[in-house]
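Summary of structural features
Below, each chain spelled out in residue letters.
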Amino acid sequence: MLNLVLFGPPGAGKGTQSEKLIKEYNLIHLSTGDLLRSQIAAGTELGLRAKQLMDQGLLVPDEVVIGMIDYKLRENQPAAASETPTVGGFIFDGFPRTVPQAEALDHLLAQYDTKITTMVALVVDDEELIRRLLKRGETSGRPDDQNEELIRRRVMEYNNKTKPVADYYGQQDKYVAIDGIGDIDTIFEAICSEIKRADVGAE
Ligand code: B4P
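Residues numbered from 1 in each chain as written. Predicted model: local features only at pLDDT ≥ 70, side-chain atom pairs only at ≥ 80, totals over all residues. Heavy atoms only, no water.

**A word on the packing of aromatic side chains**
Put simply, the test is: Between 30 and 60 degrees the pair is tilted, below 30 it is stacked and above 60 it is edge-to-face, where a pair is any two Phe, Tyr or Trp rings, Trp via its six-membered ring, whose centres lie within 6.5 Å. Only DSSP runs of H or I reaching four residues or more are called helices, and only runs of E reaching two or more are called strands; each is numbered from the N terminus. Burial classes: relative accessible area under 20% of the type maximum marks a residue as buried, over 50% as exposed, and values in between as partly exposed (1.4 Å probe, protein chains only). For a ring to carry a charge above it, either NZ of a lysine or CZ of an arginine must fall within 6 Å of the ring centroid while also lying within 35 degrees of the normal to the ring plane.
Per the counting criterion, the structure on display carries 3 aromatic pairs. Ring centres 5.8 Å apart and planes at 45° place the aromatic pair F7 and Y158 in the tilted group. With F7 in strand β1 (residues 2–7) and Y158 in helix α7 (residues 148–162), the pair connects residues that are 151 residues apart, well separated along the chain. Residue classification places Y158 among the buried positions, given a relative accessible area of 10%. Geometrically, the ring pair formed by Y168 and Y169 is edge-to-face, given 5.3 Å between the ring centres and 80° between the ring planes. With respect to class, Y168 is no different from Y169; both count as buried. Over the aromatic face of F188 sits the side chain of K20, whose NZ or CZ is 5.1 Å from the ring centroid.

**A word on the site of the ligand**
Definition in use: For this purpose, a residue is taken to be near a molecule or strand whenever a single non-hydrogen atom of the residue falls within 4 Å of it. Distance and chemistry together define a polar contact, namely a pair of N or O atoms within 3.5 Å, with one atom able to donate a hydrogen and the other to accept it when in protein, and with adjacent residues in sequence counting only for side-chain atoms on both sides. Method for areas: the Shrake-Rupley scheme with a 1.4 Å probe, in which residue coverage is limited to the protein chains shown. Residue polarity is assigned by list, with Asp, Glu, Lys and Arg as charged and Ala, Val, Leu, Ile, Met, Phe, Trp, Tyr, Cys and Pro as nonpolar; anything else, Gly included, falls into the polar class.
In the neighbourhood of the ligand, 30 residues make up the surrounding shell, with G13, G15, T32, L58 and R154 lying closest. The backbone of G94 places a nitrogen or oxygen atom 3.0 Å from a nitrogen atom of the ligand. Within the contact set of the ligand, an oxygen atom lies 2.6 Å away from a side-chain nitrogen or oxygen of R154. A total of 1000 Å² of accessible area belongs to the ligand in isolation, and the protein chains cover 87% of it. Counting residues per element, the ones that place at least two in the shell around the ligand are α1 (14–25), α2 (32–42), α6 (126–140) and α9 (184–202). The greatest single-element share of the shell around the ligand, amounting to 4 residues, is contributed by α2. By residue class, the composition of the shell around the ligand is 12 nonpolar, 10 polar and 8 charged.

**Regarding the pairing of strand β2 (residues 27–31)**
Quick reminder of the rule: Here, strands pair whenever DSSP counts at least two bridges between them.
For β2, a buried count of 4 out of 5 residues is recorded, marking the element as mostly surrounded by other parts of the structure. Pairing analysis gives 5 bridges linking β2 to strand β3 (residues 89–93), with the strands arranged parallel. Bridged to I28 within β3 is F90.

Encoded structure:
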């Protein structure tokens, strides 16, 4: 199993690269941002609560996103232990975003006798992030992409609460940083090289 954490600030290219990686490695894509937006679209109570926070550029509570990931992991396990897995693994996009989420993920994966292979971080400076998200906001319709002040709040939330997650994986020798500025295919190739290195190292 390849279990990849794709890490980086809002607008670093996680969603963009995830789309390519799931095809290349036959991975199940678990994006907490997408899961939350589908709850909002469905008008669930959870979605309504999450929307209030997301629209302010704030993170939603740990227990909410951990619960969603727990559910999705259970949903995607082979029915019997002897059954051959049909997927290559999971890509975690936008999760974990806090150290308690990272600890919970290790705990959840251990229940299925698996673990994170590596975490790849996309490094992009703040001004480029703001440029990208404002541009996406012109067409995405996402309320959290609509104004610069809100985007800066998301970047600040990342710097305060999410950045420490890199140290968590660094301590496990699973943290790799990649330049997230430049051609999308070149960045993709760099991620694939790191996956190869981590996979060989894990054998
Ligand atoms: P997410 O949906 O995860 O959104 P995101 O951080 O904006 O990243 P995304 O993956 O969508 O964008 P990408 O970088 O690919 O989170 C939204 C909100 O949900 C959070 O603020 C939070 O409130 C909540 N949330 C989600 N997960 C949570 C968790 N675990 N805990 C608590 N709260 C949580 O791309 C951005 C743009 O850049 C795109 O337009 C793309 O085309 C462009 N781009 C990508 N690569 C490029 C490149 N190389 N060059 C130029 N442009 C590029």
